[in-house]
Amino acid sequence: LKKVQLFESLNDEQLQHILSIANKQIFSTGSVLFHENEPGAAFYVLLKGSIKIFTRGSSGEEKVLSLIGAGESFGELSLIDGRPRSASAQAVEPSTVLTVTAKPFLELLRHHFDITHHIMTELCRRLRDTNQHVYDLTFLDARTRVLKNLILLANRHGSRIGNKITIRIPLNYDELAQMAGVPKQALSQVLRDLEDRLILSSGSNEYTLDLSRLNG
Ligand code: CMP
């Protein structure tokens, strides 16, 4: 628990309190943690694995809004504003979460300003990312959108050695294309082009960006 940034300001006794109000749950790949529009029952902290946050269009097509990595949290919106879940959450690899139900979660926010501040900062980041995504969809071409989406994921989840950032993205091409807001065919084309220019190398679900080759 000490490795979770949200709780980094807490002492051992306070961490014990968190453990006493939290439940640990394990989800296999493909399990849905909750659906969009359901009433929100709990706040989630991801200890291990990856969770896809997504919404669906009227004919069932998916739009991936975000990929949550270990140490990050989600599911706070409906507990804070009392409205239904704004999106669905699904495990895209075996995942372990801590859940805290609404009442103890709101108590936690009331008593620990550091936790409240952390959650507010996270909400700010999401709003900024969403504004950026709206900008990208409005003003940028497909190639730049794919590249910027990879850079966003790299900054959040990647590990950097020198000029190279490696990211493991447990999403298929359909999901990655929806996330960047481009057709799947455009995604494949752009990835191939980036590989030809040695900006990108990719293995199964793993992508390495060479920042030194990015200019231009
Ligand atoms: P909630 O609405 O309770 O349930 C869905 C959760 O997904 C939501 O809380 C947020 O934690 C998360 N979420 C919703 N939209 C986004 C987004 N655009 N980016 C990142 N996370 C999101």
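What counts, and at which threshold
- Residues numbered from 1 in each chain as written.
- Predicted model: local features only at pLDDT ≥ 70, side-chain atom pairs only at ≥ 80, totals over all residues.
- Heavy atoms only, no water.
- Phe/Tyr/Trp six-rings, centres within 6.5 Å; stacked < 30°, edge-to-face > 60°.
- Helix = DSSP H or I, 4+ residues; strand = E, 2+ residues; numbered from the N terminus.
- Buried < 20%, exposed > 50% of the residue type's maximum accessible area, 1.4 Å probe, protein only.
- Core = buried A, V, L, I, M, F, W, Y, C linked by side-chain atoms within 4.5 Å.
- Contact = heavy atoms within 4.5 Å.
- UniProt positions renumbered as here; feature names shortened; annotations may be inferred.
- Pairing = 2+ DSSP bridges.
- Axes fitted to C-alpha atoms, helices over the stretch in contact; angles between N-to-C directions.
- Near = heavy atom within 4 Å.
- Polar contact = N/O pair within 3.5 Å; in protein donor to acceptor, adjacent residues only side chain to side chain.
- Nonpolar A, V, L, I, M, F, W, Y, C, P; charged D, E, K, R; others polar.
- Parallel < 35°, antiparallel > 145°, perpendicular 65-115°, else oblique.

Novice: Please clarify how the packing of aromatic side chains should be interpreted in this entry.
Specialist: Here a ring pair, both rings aromatic, is described through the centre-centre distance and the interplanar angle of the planes. One pass over the full model with this rule turns up five aromatic pairs. Both rings, one in F34 and one in Y44, keep their centres 5.4 Å apart while their planes meet at 50°; by these two values the pair is tilted. You can see F34 sitting in strand 2 (residues 32–34) and its partner Y44 sitting in strand 3 (residues 42–48), a full 10 residues away along the chain. Overall, the relative accessible area of 7% leaves Y44 in the buried class. Residues Y44 and F74 carry aromatic rings whose centres are separated by 5.1 Å and whose planes lie at 15° to one another, so their mutual orientation is stacked.

Novice: Looking at this structure, I do not really get the nonpolar core. What am I missing?
Specialist: As a rule of thumb, nonpolar side chains are buried together in soluble globular proteins. In this structure, V146, L150, I169 and L171 are the most contacted members of the largest nonpolar core, which totals 27 residues. When contributions to this core are tallied by element, the ones reaching two or more residues are strand 5 (62–69), helix 5 (142–157), strand 10 (164–168), helix 6 (173–180), helix 7 (184–196) and strand 12 (206–210). Discounting residues that sit within four places of it in the chain, L150 has contacts with I167, I169, L191, L194, L200 and L209. F43, L98, F105 and L109 belong to the second largest nonpolar core, which has 18 residues in total.

Novice: Help me understand the UniProt feature "domain: Cyclic nucleotide-binding" (unreviewed entry) in the protein, please; the structure alone is not making it clear to me.
Specialist: Mapped onto this structure's residue numbering, the UniProt feature "domain: Cyclic nucleotide-binding" (unreviewed entry) falls at residues 6–126. The annotated region residues 6–126 carries 32% helix and 36% strand content, and the separation between its end C-alpha atoms amounts to 16 Å.

Novice: Would you mind going over the sheet that holds strand 9 (residues 159–161) with me for this structure?
Specialist: Sheet strands associate in pairs through backbone hydrogen bonding, adopting either a parallel or an antiparallel arrangement. Across the sheet, which stays open at both edges, the four strands sit in the order 9-10-12-11 with antiparallel pairing between neighbours. Two strands close off the open sheet at either side, each with one partner strand: strand 9 and strand 11 (200–203). With direction set aside, neighbouring strand axes in the sheet form an average angle of 20°. Where strand 9 lies against strand 10, three bridges are found, and the strand directions are antiparallel. Paired with R160 across the bridge in strand 10 is I165. Of the strands in this sheet, strand 11 and strand 12 are in contact with helix 7, which crosses strand 11 at around 115°.

Novice: Hey, could you run me through the site of the ligand in this one?
Specialist: In the vicinity of the ligand lie 14 residues, with G75, E76, S78, R85 and S86 positioned nearest. Contacts to the ligand include L77, whose backbone N or O atom sits 3.4 Å from an oxygen atom. Residues that form the shell around the ligand fall into these classes: six nonpolar, five polar and three charged.

Novice: Please clarify how the packing of helix 5 against helix 7 should be interpreted in this entry.
Specialist: Helices that pack against each other are described as a pair by the angle of their axes relative to one another and the distance between those axes. Where helix 5 contacts helix 7, the axes come no closer than 9 Å and their chain directions differ by 75°. Taken together, the axes of helix 5 and helix 7 are roughly perpendicular relative to one another. Judged by residue contacts, A142, R143, V146, L147 and L150 of helix 5 engage A186, L187, V190, L191, D193 and L194 from helix 7. Grouping the constituent residues of the contact of helix 5 with helix 7 by class yields nine nonpolar, no polar and two charged.

Novice: Which parts of the structure should I look at to understand helix 6?
Specialist: Since the α-helix advances by 3.6 residues per turn, residues separated by three or four positions end up pointing in the same direction. Of all the residues in helix 6, the buried ones are E175, L176, A177, M179 and A180. Residues of helix 6 that are buried in the fold lie against strand 4 (50–56), strand 5, helix 4 (113–139), helix 5, helix 7 and strand 12. Between the side-chain oxygen of the N-cap and the backbone nitrogen of D174 there are 3.1 Å, and the N-cap of helix 6 in question is N172. Directly after helix 6, the chain includes G181, whose backbone phi takes a positive value near 75°.

Novice: How do you make sense of unusual backbone geometry when you look at a structure like this?
Specialist: Most peptide bonds take the trans form, and the phi angle of most residues other than glycine is negative. Non-glycine residue N37 carries a positive phi angle of around 80°. Assignment of secondary structure puts N37 in the loop between strand 2 and strand 3. Take N37: its relative accessible area is 58%, and that puts it in the exposed class. One non-glycine residue, N205, lies in positive phi territory at about 60°. Residue position: N205 is located in the loop between strand 11 and strand 12. Judged by relative accessible area, N205 falls into the partly exposed class, the value being 36%.

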